[in-house]
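One letter stands for each residue in the lines below.
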Amino acid sequence: QVQLVESGGGLVQAGGSLRLSCAASGRKFSSVSMGWFRQTPGKEREFVAAINWSGGRTSYADSVKGRFIISREYTKSTVYLQMNSLQPEDTAVYYCAADQDGSNWKNWGQGTQVTVSS
């Protein structure tokens with residue numbers, strides 16, 4: 001089991017940047033994949049980015065490729081999502097996830113709101 005706490009959300013103008021953090025507790029952090037998802041009202045949660053256990057492989061949704069960067073810091077048991085060139089359509093609640101099992105993720109954080117104004 002991995003417990004996750006997101007932070008770093010907020011209000012930013014279009015074209016700006018934010019960095020989300022997800023602090024993980026539990027002994028499994030270094031051995032599990034980590035991911036970021038987002039959700040807006042009335043829509044299903046969508047994949048944003050993921051990073052494997054070693055940090056050697058990352059993947060991104062097409063909508064954020066080239067603008068967002070996922071990374072992880074083992075000494076702090078934290079995964080980050082650097083978001084650049086933010087657009088109003090990036091407005092959503094962002095969720096951190098851990099321990100991918102096929103198409104499912106076993107652990108989720110509580111979410112952090114990101115709002116991008118035009």
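Quick note: structure is the one above.
Everything numeric here is computed off the predicted structure, so don't read it as measured data.

J.: Summarise the pairing of strand β4 (residues 34-39); cite the residues concerned and give the values.
T.: Taken across its six residues, β4 has five buried, putting it largely inside the fold. In terms of strand pairing, β4 meets strand β5 (residues 46-51) through five bridges, oriented antiparallel. In the sheet register, Arg38 faces β5, and the bridge partner there is Glu46. Hairpin connection between β4 and β5: a loop of six residues separates the two successive antiparallel strands, and Gly42 in this loop has a positive phi of roughly 85 degrees. The pairing of β4 with strand β9 (residues 92-101) spans six bridges and is antiparallel. Across the sheet, Gln39 pairs through a bridge with Val93, a residue of β9.

J.: Describe the environment of Gly10, naming the residues involved and giving the relevant values.
T.: Its location among the elements puts Gly10 in strand β2 (residues 10-13). Put simply, Gly10 and Gln113 are 103 residues apart on the chain and 6.2 Å apart in space, counted from C-alpha to C-alpha. The residues touching Gly10, leaving out its near neighbours within four places in the chain, are Leu18, Gln113, Val114 and Thr115.

J.: Mind laying out the state of the cysteines, listing which residues take part and the relevant values?
T.: Two cysteines form a disulfide when their sulfur atoms are joined by a covalent bond. Per the counting criterion, the structure on display carries one disulfide. Covalently, Cys22 is tied to Cys96 through a disulfide, its sulfur atoms 2.1 Å apart. Looking down the S-S bond of the Cys22 and Cys96 bridge, the torsion is -80 degrees, so its handedness is left-handed. With Cys22 in strand β3 (residues 18-25) and Cys96 in strand β9, the pair connects residues that are 74 residues apart, well separated along the chain. Residue Cys96 is classed as buried on the basis of its relative accessible area, which comes to 0%.

J.: Describe the sheet that holds strand β7 (residues 68-73), listing the residues and the values that go with them.
T.: Strands in a sheet are paired, the pairing made by backbone hydrogen bonds, and the direction either parallel or antiparallel. Across the sheet, four strands lie side by side as β1-β3-β8-β7; this open sheet has antiparallel pairing. Every interior strand has two partners, whereas the edge strands, β1 (3-7) and β7, have only one. If you compare each strand with its neighbour and ignore which way they point, the axes differ by 15 degrees on average.

J.: So what's going on with the pattern of salt bridges? Which residues, and what values?
T.: Within the structure shown, the criterion is met by six salt bridges. Notably, a salt bridge pairs Asp99 with Lys28, separated by 2.8 Å at the nearest N-O pair. Residue Asp99 is found in strand β9, and its partner Lys28 is found in the loop between β3 and β4; the two are separated by 71 residues along the sequence. Connected through shared salt-bridge partners, Arg38, Glu46, Arg67 and Asp90 make up one network.

J.: If you had to explain the packing of aromatic side chains to someone new, which residues and values would you point to?
T.: Within this structure, the stated rule accounts for four aromatic pairs. Both rings, one in Phe37 and one in Trp105, keep their centres 5.7 Å apart while their planes meet at 75 degrees; by these two values the pair is edge-to-face. Pair noted here: Phe37 is in strand β4 and Trp105 is in strand β10 (residues 104-108), with a separation of 68 residues, a long-range link. Accessibility expressed as a relative area gives 9% for Phe37, which makes it buried. Since its relative accessible area comes to 10%, Trp105 is described here as buried. Cluster of aromatic residues (ring-pair linked, three or more members): Phe37, Phe47, Trp105 and Trp108. The ring centre of Trp108 lies 4.4 Å from the NZ or CZ of Arg45, which sits over that ring. Directly above the aromatic system of Phe29 lies the positively charged group of Arg72, at a separation of 4.5 Å from the ring centroid.

Definitions and limits used
- Residues numbered from 1 in each chain as written.
- Predicted model: local features only at pLDDT ≥ 70, side-chain atom pairs only at ≥ 80, totals over all residues.
- Heavy atoms only, no water.
- Buried < 20%, exposed > 50% of the residue type's maximum accessible area, 1.4 Å probe, protein only.
- Helix = DSSP H or I, 4+ residues; strand = E, 2+ residues; numbered from the N terminus.
- Pairing = 2+ DSSP bridges.
- Contact = heavy atoms within 4.5 Å.
- Disulfide = S-S within 2.5 Å.
- Axes fitted to C-alpha atoms, helices over the stretch in contact; angles between N-to-C directions.
- Salt bridge = Lys/Arg side-chain N within 4 Å of Asp/Glu carboxyl O.
- Phe/Tyr/Trp six-rings, centres within 6.5 Å; stacked < 30°, edge-to-face > 60°.
- Lys NZ or Arg CZ within 6 Å of the ring centre and 35° of its normal.

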